[in-house]
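Residue-level listing of the chains:
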2 protein chains.
Amino acid sequence: MRRLAIDRAKRLLFGSFLSSSQSSLAPGPSSSCFPFSPFSSEAAMSLSKFPPITVETINPKVKKCEYAVRGEIVSHAQRLQQELQTKPGSHPFEEILYCNIGNPQALGQQPITFFREVLALCNYPALLDRDETHALFSSDAIAKAWEILDLIPDRATGAYSHSQGIKGLREAIAVGIAERDGFPAKADDIFLTDGASPAVHMMMQLLIRSEEDGILCPIPQYPLYSASIALHGGCLVPYYLDEAKGWGLEIFELKKQLQAARTQNICVRALVVINPGNPTGQVLSEENQKEIVEFCRNEGLVLLADEVYQENIYADNKKFNSFKKISRSMGYSGDDLSLVSFQSVSKGYYGECGKRGGYMEVTGLSPDVKEQIYKVASVNLCSNISGQILASLVMNPPKVGDESYESYIAERDEILSSLARRAKALEDAFNSLEGVTCNKAEGAMYLFPRLHLPQKAIKAAEAVKTAPDAYYAHRLLDATGIVVVPGSGFGQVPGTWHIRSTILPQEDKIPAILSRLKAFHEAFMDEFRD
Amino acid sequence: MRRLAIDRAKRLLFGSFLSSSQSSLAPGPSSSCFPFSPFSSEAAMSLSKFPPITVETINPKVKKCEYAVRGEIVSHAQRLQQELQTKPGSHPFEEILYCNIGNPQALGQQPITFFREVLALCNYPALLDRDETHALFSSDAIAKAWEILDLIPDRATGAYSHSQGIKGLREAIAVGIAERDGFPAKADDIFLTDGASPAVHMMMQLLIRSEEDGILCPIPQYPLYSASIALHGGCLVPYYLDEAKGWGLEIFELKKQLQAARTQNICVRALVVINPGNPTGQVLSEENQKEIVEFCRNEGLVLLADEVYQENIYADNKKFNSFKKISRSMGYSGDDLSLVSFQSVSKGYYGECGKRGGYMEVTGLSPDVKEQIYKVASVNLCSNISGQILASLVMNPPKVGDESYESYIAERDEILSSLARRAKALEDAFNSLEGVTCNKAEGAMYLFPRLHLPQKAIKAAEAVKTAPDAYYAHRLLDATGIVVVPGSGFGQVPGTWHIRSTILPQEDKIPAILSRLKAFHEAFMDEFRD
């Protein structure tokens, strides 16, 4: 009887599948999802109790996933912060200093005025019809708001947009990319997302089929990649950056690790390159980038280019070049290379983390693969419109002659030059510490100093079942209120120990931070020096 | 030699794993992810070319996933719209009318003024220091903006927030939930998200381990559920709503389908209930909800309550009750029932789809399971702050005595009463059509009329390899420009055919729509009547 029901259901369902989407109702390889015919005469059997959801019974991929920059040390810092509020003076410091994450405005960086003017006007367009508005907003912000609203169907900033983002905004971003690179960009290649993270997840979801699929990632890496690969059940294939060469990316290392992975039947699908580097801060040379492009091209790897720090360059002799520009300058088109470039409004001089804006530019993937990406994007309908607007603004900031141009340039340059000064001050401070070596932060927002820890300290850490770098970071936090992330959260050459610190504390606070840091480190070494 | 390298790497890595997050660098069950030691002396072998990414080689779960409300018929509508722009008069209608998706502001619904005032002020707080602002903004919007900014550390609306959302905003939402239900709510139970969809994905990601894990979903269902289950590789276990009983949810049907699934060794983990219903528009009775709570409690199922239409009730004899209120009124606490309630700023009378705001309230899951949810949330850092602010506003709208109260109530009630009128007009129109029956839209934003199609029409559809309901929807679009979604995108009893239409076109357009609809349907029936 049930057999019949199954056949009937399958036959009829098949009928209704044709060019429809009901097939989505039988997901998973198991066809056992659809033997269910409605309202049959079978009597429902009495059912027994089943156990509730526990950590032991959740998706093991979720359990396996880790995200160090918001991990255990941050929870510990939050506890200390509450204690400081409830019991002032309960710790040897007055405030917690969050150097664990690139969150500039949380540490006092001010937003770019022009961007916020435009966002406010787009959020409440009624302002545009009022005379008082001209006293409160710059004329080019008002003009830009009109321009943007006219790009939005019915000027409805409260409506879902196209799932790739508002077409007019994507066209504006394409213009910005073309001006940056000197090579054309297409609105159809751009997917606007709530920050860069969802874009990275989308690509991992597209590429990873099983734990036999590998993604080449730098070590050290930004934990978004290890977390996303874990969540999607893939295999992170590490390639090690060479700390001795300023965190250099060596092609022979890429080839060696790719070969080792393939020897173990891991199908490596993509290469992640973070440029400027996170947590390592290096800026790749044009020559190096060309080698990487050739490597991906020869090996049929998708190049996943994390370029969210493209505006954060501090070394005079370094310049950001997008991988799109490099590959096009080599004469390669989308036919030669599959390339995805990630950009975000959270970094750069804008640092608008809370707005969750970003995009990925997808080139060199076939239209039918891009349709699959669009489909995944459409399941979440669209990214937030304010974030979409902001993404178009950071790629098209005020131009010479605009009323806001001078003030915009002043705000931008002050942020960037201050970041460069802070990077140098922290780098020098780390290098002045006994047993600490720190490469230059050529770009991005971080330093990743190496801790040459005494054996005594390593033993003390092992005694409390903690990695030595995590032990150091905890001691630093408890003594100074400074929150840094242990290198083990990013990956490091086994047996070496690092911490990642952002360069984001405001300049007026840097001297106090450095003296706290030095005092702690000296005491730590005095306690553990072999 | 490599064997040695592997052992060395593993040993050292294991050392650095202790209480660190480096384990995330070896995701997936395969331990083969980490035999890679850096800079060994092995020479890199020369490597051959590998094929690029194709639809055949992407993650099959992505391929399987379907999302009908933005599916093929919508792409076709977008093509027609472009043709209308390039060649006016090229079709028998002047505009495309998108009734495929609940996107009110895309069809002319205006946002609630107070909400937009507050968002604008929070986006550009400098306005709060200017005298002109008092001429442009209501005094309670200014007060609310100050209140919200004071809830945000350093008033930094451009900073990443706590990964669950800004604590003060979650506390405000908890107050709103408590006022709605008459039972307490906790900020720690609330996870703010970019609309409700990411929250649903998070829960599916947590619960689904393999295709042997099942989620009970209503048929017809909102395709987000089938899409998310497909993307996470699970099994959708359908339970059929009874169209003859106003899309009634029958407990015997739940029990029968759960039993059938368990008989096939599918581990059913959760029950999805959409109330008010999408696409079916029914509002559950308190009695029915109590039965559902008992069922989940007895069977150890997580109750996933999609309550995003809680403000959209049109039937005088119906009232929305949250499942939290129902379960608490039965004397059950979190110890008795695992319950997740989804809410969004995209629906209700606010309809702020583009802001991507929403939350889930998670009760009855252990703290360590909630920690895992927090971890997944933290990988995307946080939801957008404007959406977080808006979510707190819709759960705490202006109160009696506030300057904006009168205008807020007027805006809200005009939207809701107009929606009720539009629902009735469309319902009557569908029921007036030959061979069409349509249940009442007691709530939500949709009608799901059944098409009793002539055999000739079904054969015509099969001749072009199309489901009969998709065939009807395409003919309707080509003849009238009205976009509806075939019932097969939501699931329906095999052999029955439906379409889903929103009730969202503005009232002044309804008469024209109805006459176009009737004229098309009569011609269609004349063409195919048996």
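This structure is a prediction, so every number in the text was calculated from the model and none was measured.

**Regarding the packing of aromatic side chains**
Residues and elements named next belong to chain A.
So, step 1. In total, this model carries 30 aromatic pairs over all chains according to the counting rule given.
So, step 2. Taking 5.7 Å as the distance between ring centres and 85° as the angle between the ring planes, the aromatic pair formed by Tyr 309 and Tyr 446 counts as edge-to-face. Taken as a pair, Tyr 309 in the loop between strand E6 (302-306) and helix H12 (323-329) and Tyr 446 in strand E10 (residues 446-447) lie far apart in primary sequence, 137 residues in all.
So, step 3. Residue Tyr 309 is classed as buried on the basis of its relative accessible area of 2%.

**Remarks on the pattern of salt bridges**
Residues and elements named next belong to chain A.
So, step 1. Using the criterion set out here, one finds 52 salt bridges over all chains in the structure.
So, step 2. Glu 507 serves as the salt-bridge partner of Arg 421, at 2.7 Å between the closest nitrogen and oxygen. Here the residue Arg 421 occupies a position in helix H15 (residues 405-431), and Glu 507 occupies one in the loop between strand E14 (499-502) and helix H18 (510-528), the gap between them amounting to 86 residues.
So, step 3. Residue Glu 507 is classed as partly exposed on the basis of its relative accessible area of 29%.

**Let's talk about the UniProt feature "domain: Aminotransferase class I/classII large" (unreviewed entry) in chain A**
So, step 1. Residues annotated by UniProt as "domain: Aminotransferase class I/classII large" (unreviewed entry) correspond here to residues 155-503 of chain A.
So, step 2. Taken end to end, residues 155-503 of chain A is 40% helix and 16% strand, and its two terminal C-alpha atoms sit 40 Å from one another.

**Digging into the pairing of strand E5 (residues 267-274) of chain B**
All names here are of chain B.
So, step 1. For E5, the buried fraction is high: seven of the eight residues fall into the buried class.
So, step 2. Of the strand pairs in this sheet, strand E3 (residues 213-219) and E5 are connected by four bridges, and their pairing is parallel. Within the sheet, the bridge partner assigned to Leu 216 lies in E5 and is Leu 271.
So, step 3. Pairing analysis gives five bridges linking E5 to strand E6 (residues 302-306), with the strands arranged parallel. Within E6, the position partnered with Leu 271 by the bridge is Leu 303.
So, step 4. Between the parallel pair E5 and E6, the chain is carried across by helix H11 (residues 286-299), and the sense of this crossover is right-handed.

**Points about the sheet that holds strand E10 (residues 446-447) of chain B**
So, step 1. In space, the three strands of this open sheet follow the order E10-E14-E13 (chain B), with antiparallel pairing throughout. Since the sheet does not close on itself, it has two edges, and those belong to E10 and strand E13 (485-486) of chain B, each with one partner.

**Focus on unusual backbone geometry**
Residues and elements named next belong to chain A.
So, step 1. In this model, Ile 219 is joined to Pro 220 through a cis peptide bond whose omega is 0°.
So, step 2. Along the polypeptide, Pro 220 turns up in the loop between strand E3 (213-219) and helix H9 (223-231).
So, step 3. Of note in this structure, Lys 465 is not a glycine but carries a positive phi near 55°.
So, step 4. In this structure, Lys 465 sits in the loop between helix H16 (455-463) and helix H17 (468-480).

**Brief notes about the sheet that holds E10(A)**
Residues and elements named next belong to chain A.
So, step 1. A sheet is described by the order of its strands in space; here three strands give the open sequence E10-E14-E13, paired in antiparallel fashion. Only two strands of the sheet have a single partner each, and these edge strands are E10 and strand E13 (485-486).
So, step 2. The sheet contact formed by E10 and E14 spans two bridges and is antiparallel. Directly across from Leu 447, in E14, lies its bridge partner Ser 501.

**Structural notes on the confidence of the model for chain A**
A low pLDDT score tells you not to read the predicted coordinates there in detail.
Residues and elements named next belong to chain A.
So, step 1. Residue-level pLDDT values for chain A average 89, and 90% of them are 70 or greater.
So, step 2. Segment residues 1-32: pLDDT under 50, and 66 contacts once partners within four positions in sequence are set aside and those in other chains are kept.
So, step 3. Note on residues 40-49: pLDDT is under 50 here. Beyond four places in sequence and across chains, it has 19 contacts.
So, step 4. Predicted complex, confidence summary: ipTM 0.90, pTM 0.91.

**Details of the pairing of strand E8 (residues 358-363) of chain A**
So, step 1. For E8(A), a buried count of six out of six residues is recorded, marking the element as mostly surrounded by other parts of the structure.
So, step 2. Residue alternation in E8(A) divides its side chains into two sets, A:Gly358, A:Met360 and A:Val362 and A:Tyr359, A:Glu361 and A:Thr363, and both sets are buried.

**Re helix H15 (residues 405-431) of chain B**
Residues and elements named next belong to chain B.
So, step 1. Taking 1.5 Å per residue, 27 residues should reach 39 Å; H15 reaches 39 Å between its end C-alpha atoms and fits that length.
So, step 2. Listed as buried for H15 are Tyr 408, Ile 409, Ile 415, Leu 416, Ser 418, Leu 419, Arg 422, Ala 423, Leu 426, Glu 427, Ala 429 and Phe 430.
So, step 3. For H15, the secondary structure elements touched by its buried residues are helix H4 (113-123), strand E9 (436-437), E10, strand E14 (499-502) and helix H18 (510-528).

**Considering helix H4 (residues 113-123) of chain A**
So, step 1. When you tally the buried positions in H4(A), you get 10 out of 11 residues, the bulk of the element.
So, step 2. Those residues of H4(A) that are buried are in contact with helix H5 (133-136), helix H6 (139-149), helix H14 (385-394) and H15 of chain A together with H4 of chain B.

**What about the packing of helix H8 (residues 197-207) of chain B against helix H9 (residues 223-231) of chain B?**
Residues and elements named next belong to chain B.
So, step 1. Packing of H8 against H9 leaves a shortest axis separation of 10 Å and a crossing angle of 40°. In terms of orientation, H8 and H9 fall into the oblique class. Here the hand of the crossing between H8 and H9 comes out right-handed. Two secondary-structure elements touch here, H8 through Ser 197, Val 200, His 201 and Met 204 and H9 through Leu 224, Tyr 225, Ser 228, Ile 229 and Leu 231.
So, step 2. Of the residues belonging to the contact of H8 with H9, the class tally is six nonpolar, three polar and no charged.

**Things to note about the side chain of A:Arg356**
So, step 1. Within the fold, A:Arg356 resides in the loop between strand E7 (339-344) and E8.
So, step 2. Despite being buried, A:Arg356 has no salt bridge partner; B:Asp194 is the closest side chain of opposite charge, sitting 5.6 Å away.
So, step 3. Here the side chain of A:Arg356 touches A:Asp194 through a polar contact of 3.5 Å, landing on its backbone oxygen.
So, step 4. Engagement of the side chain of A:Arg356 in a polar contact is seen with the side chain of A:Ser346, the distance being 3.5 Å.

**Looking at the packing of H17(A) against H18(A)**
All names here are of chain A.
So, step 1. In contact at an axis separation of 10 Å, H17 and H18 are set at 125° when each is read in the N-to-C sense. The angle between the axes of H17 and H18 places the two elements in the oblique class. The two elements H17 and H18 cross, and the hand of that crossing is right-handed. On H18, the residues that touch Tyr 471, Tyr 472, Arg 475, Leu 476, Ala 479 and Thr 480 of H17 are Arg 516, Leu 517, Phe 520, His 521, Phe 524, Glu 527 and Phe 528.
So, step 2. Residue composition of the contact of H17 with H18, grouped by class: eight nonpolar, two polar and three charged.

What counts and what doesn't
Residues numbered from 1 in each chain as written. Chains lettered and ligands numbered in written order. Predicted model: local features only at pLDDT ≥ 70, side-chain atom pairs only at ≥ 80, totals over all residues. Heavy atoms only, no water. Phe/Tyr/Trp six-rings, centres within 6.5 Å; stacked < 30°, edge-to-face > 60°. Helix = DSSP H or I, 4+ residues; strand = E, 2+ residues; numbered from the N terminus. Buried < 20%, exposed > 50% of the residue type's maximum accessible area, 1.4 Å probe, protein only. Salt bridge = Lys/Arg side-chain N within 4 Å of Asp/Glu carboxyl O. UniProt positions renumbered as here; feature names shortened; annotations may be inferred. Pairing = 2+ DSSP bridges. Right-handed = clockwise from strand over helix to strand, strands pointing away. pLDDT = per-residue confidence, 0-100. Contact = heavy atoms within 4.5 Å. Expected span 1.5 Å × (residues − 1). Axes fitted to C-alpha atoms, helices over the stretch in contact; angles between N-to-C directions. Parallel < 35°, antiparallel > 145°, perpendicular 65-115°, else oblique. Left-handed = near helix turned anticlockwise from the far one by under 90°. Nonpolar A, V, L, I, M, F, W, Y, C, P; charged D, E, K, R; others polar. Lys, Arg positive; Asp, Glu negative; His and termini not counted. Polar contact = N/O pair within 3.5 Å; in protein donor to acceptor, adjacent residues only side chain to side chain.

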